[in-house]
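Inside the fold
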Number of protein chains: 2
Amino acid sequence: MVKRVSLGDAACPVARSLDGIGDWWSLLIVRDAFDGVSRFGEFQKSLGISKGILASRLHGLVALGVLAMTPAADGSAWQDYVLTPKGEALFPVIVALRQWGEAFCYRPGEPHSALVERSGGKPLAPLVVRSAGGKALRARDTVVRKLSC
Amino acid sequence: MVKRVSLGDAACPVARSLDGIGDWWSLLIVRDAFDGVSRFGEFQKSLGISKGILASRLHGLVALGVLAMTPAADGSAWQDYVLTPKGEALFPVIVALRQWGEAFCYRPGEPHSALVERSGGKPLAPLVVRSAGGKALRARDTVVRKLSC
DNA sequence: CAGGATCCAATACGATACTG
DNA sequence: CAGTATCGTATTGGATCCTG
């Protein structure tokens, strides 16, 4: 689905990630999945997406290994879509997008949902990029090393 | 640019982020900007993108406040596109996507570029979502609290 | 080289209708 | 409800041409 220029064989991991989940809907579906959504209709209602596109994205994410289809927990004849370990590993991506949105995409005082600790309801700490030794790093403290192995 | 359903007024910060930078190219442009790319032609060569789309995306990112246009450093009549503080704040997003791509989008042993510490060249630590108190959190340890303020 | 304008193919997406 | 199929439209994105 979607081919553009095919970043799927790129040597840059950012490009390869985006090639799989960089479309308009996939990360929102994953966000909902983290939020406990698992049924076709729930995704559709939550996202306001058309059924055709939703089915296409859901199947794409399953093919990618981000979601898995399991027999519905309620015994109905259909599927639950649940995060695989590969999908769960997208948690920092979602949190990073959320924190950036909170910080830069709302006017001061404008209400928005917040991700908080389940026990206690306290907000999370801002994500920090760190060196192997644990030191906080700014972008300029890093470099891309081409084609490592 | 692009309207779909307009997530721009959504109450979820993830949706709002994606509404601005969730298209196929914007995050790759930002990645290149972190990598030091600032000229129109450099972006074009690096991304293999058509000029029309590149111009449209560049202007979109400028309008969003992620990039800024400055008089070219080499004295030519054109612009450099450089990250603003809002753009620099996307660093954790890029790093999260990169680490996910490294972990899940390459076969073992397949070469790819790597982001390393500038001084010393050591790889970064994996991003970890933490509570306000510094405790590492898994996705299931968190909940979305609707419409906080 | 930096960019805009135009043309065209592919498709993403929504709406609707249909099936079990 | 969970999808699939079809259709119409808007948009994406590449290629080409044009300008300073």
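Criteria and thresholds
Residues numbered from 1 in each chain as written. Chains lettered and ligands numbered in written order. Predicted model: local features only at pLDDT ≥ 70, side-chain atom pairs only at ≥ 80, totals over all residues. Heavy atoms only, no water. Helix = DSSP H or I, 4+ residues; strand = E, 2+ residues; numbered from the N terminus. Buried < 20%, exposed > 50% of the residue type's maximum accessible area, 1.4 Å probe, protein only. Contact = heavy atoms within 4.5 Å. Areas by Shrake-Rupley, 256 points an atom, 1.4 Å probe, with all protein chains shown as cover. Lys, Arg positive; Asp, Glu negative; His and termini not counted. Charge placed at Lys NZ, Arg CZ, Asp CG, Glu CD. Near = heavy atom within 4 Å. Polar contact = N/O pair within 3.5 Å; in protein donor to acceptor, adjacent residues only side chain to side chain. Buried area = accessible area lost by both parts, 1.4 Å probe. Salt bridge = Lys/Arg side-chain N within 4 Å of Asp/Glu carboxyl O. Least-squares fit on C-alpha atoms with pLDDT ≥ 70 in both. pLDDT = per-residue confidence, 0-100. Expected span 1.5 Å × (residues − 1). Arc of directions from axis to C-beta. Core = buried A, V, L, I, M, F, W, Y, C linked by side-chain atoms within 4.5 Å. Axes fitted to C-alpha atoms, helices over the stretch in contact; angles between N-to-C directions. Parallel < 35°, antiparallel > 145°, perpendicular 65-115°, else oblique. Nonpolar A, V, L, I, M, F, W, Y, C, P; charged D, E, K, R; others polar.

Quick look at the overall build of chain A
A tally of regular secondary structure across chain A gives 6 helices and 4 strands. Seen along its three principal axes, the alpha-carbon backbone of chain A occupies a region of about 55 × 40 × 30 Å. Among the 149 residues that make up chain A, the fraction classed as buried is 48%. The contacts in chain A between residues at least 6 apart in sequence include a share of 38% that link residues at least 24 apart. Here chain A displays about 7000 Å² of accessible surface, and carbon together with sulfur accounts for 58% of that area. Side chains of chain A give 19 positive and 13 negative charges; the mean places of these two sets differ by 7 Å.

Description of the protein's contact with DNA strand C
Around DNA strand C, the surrounding shell holds 18 residues, and the nearest of these are Arg57(A), Gly41(B), Lys51(B), Trp78(B) and Tyr81(B). Atoms of DNA strand C within 4 Å of the protein belong to the sugar or the phosphate in 72% of instances, the rest to bases. Here Trp78(B) contributes a side-chain N or O atom positioned 3.3 Å from a sugar or linking oxygen of DNA strand C. Taking Tyr81(B), its side chain carries an N or O atom lying 3.1 Å from a phosphate oxygen of DNA strand C. For the surface near DNA strand C, the elements supplying multiple residues, two or more each, are α4 (51-64) of chain A together with α3 (40-47), α4 (51-64) and β2 (79-83) of chain B.

A closer look at the interface of chain B and chain A
Contact residues are listed per partner, giving 79 residues for chain B and 79 residues for chain A. Between chain B and chain A lies a buried interface of about 7700 Å² when both sides are counted; carbon and sulfur atoms form 65% of it. Linking chain B to chain A there are 6 salt bridges. For Arg16(A), the salt bridge identified is with Glu110(B), shortest N-O distance 3.0 Å. Our count for the contact surface shared by chain B and chain A stands at 28 residue pairs in polar contact (both at pLDDT 80 or more). For the side of chain B that touches chain A, the elements supplying multiple residues, two or more each, are α1 (13-21), α2 (26-34), α5 (85-88), α6 (91-104), β3 (112-117) and β4 (142-148) of chain B.

Looking at the relation of the copies chain B and chain A
Each copy of the sequence occupies a distinct position, and chain B is placed on chain A by a rotation of 180 degrees and an axial shift of 0.0 Å, giving an RMSD of 0.0 Å. Taken together, the rotation and translation describe the operation of a two-fold axis.

Regarding the pattern of salt bridges
Evaluation of the coordinates by the stated rule reveals 16 salt bridges over all chains. With a shortest N-O distance of 3.1 Å, Lys135(B) and Glu117(A) are connected by a salt bridge. Placement of Lys135(B) in the loop between β3 and β4 and of Glu117(A) in strand β3 (residues 112-117) is noted, with the two residues assigned to different chains. Relative accessible area serves as the criterion here: at 47%, Lys135(B) is assigned to the partly exposed category. On the accessibility criterion, Glu117(A) (9% relative accessible area) is buried. Between Asp80(B) and Arg39(B) there is a salt bridge, with its nearest N and O atoms 3.7 Å apart. Here the residue Asp80(B) occupies a position in strand β2, and Arg39(B) occupies one in the loop between α2 and α3, the gap between them amounting to 41 residues. Note on Asp80(B): relative accessible area 8%, which makes it buried. Through salt bridges with shared partners, one network takes in Arg16(A), Arg107(B) and Glu110(B).

As for the confidence of the model for chain A
In the predicted model, chain A carries a mean pLDDT of 91, and 93% of its residues have values of at least 70. Confidence scores differ between elements of chain A, with strand β4 (residues 142-148) of chain A showing the lowest mean pLDDT of 84 and helix α5 (residues 85-88) of chain A the highest of 98.

Considerations on α4(B)
Residue and element names in this part refer to chain B. Given a rise of 1.5 Å per residue, 14 residues ought to cover 20 Å, and the 20 Å separating the end C-alpha atoms of α4 matches this to within 8%. Residues Leu54, Arg57, Leu58, Gly60 and Leu61 constitute the buried set of α4. Projected down its long axis, α4 carries its buried residues within an arc of 160 degrees, all on one side. Set apart from the buried face of α4 by more than 90 degrees, the exposed residues are Lys51 and Ala63. Note on α4: the residue one or two positions beyond its end, Gly65, has a positive phi of about 90 degrees.

Here's the deal with the environment of Lys45(B)
Assignment of secondary structure puts Lys45(B) in helix α3. Considering only alpha carbons, one finds Lys45(B) and Ala77(B), 32 residues apart in sequence, at a separation of 20 Å.

Remarks on the nonpolar core
Ile29(A), Phe43(A), Leu67(A), Ile29(B), Phe43(B), Val66(B) and Leu67(B) are the most contacted members of the largest nonpolar core, which totals 80 residues. The residues contacting Phe43(B), other than those within four sequence positions of it, are Ile29(B), Asp32(B), Ala33(B), Val37(B), Ser38(B), Gly48(B), Ile49(B), Leu54(B), Leu58(B) and Tyr81(B).

Here's the deal with the packing of helix α2 (residues 26-34) of chain A against helix α6 (residues 91-104) of chain A
All names here are of chain A. Between α2 and α6, whose axes approach to 10 Å, the crossing angle comes to 105 degrees. Regarding the angle of α2 to α6, the classification is roughly perpendicular. On α6, the residues touching Leu27, Val30, Arg31 and Phe34 of α2 are Phe91, Val93, Ile94 and Leu97. Looking at the contact of α2 with α6 residue by residue, the class counts come to 7 nonpolar, no polar and 1 charged.

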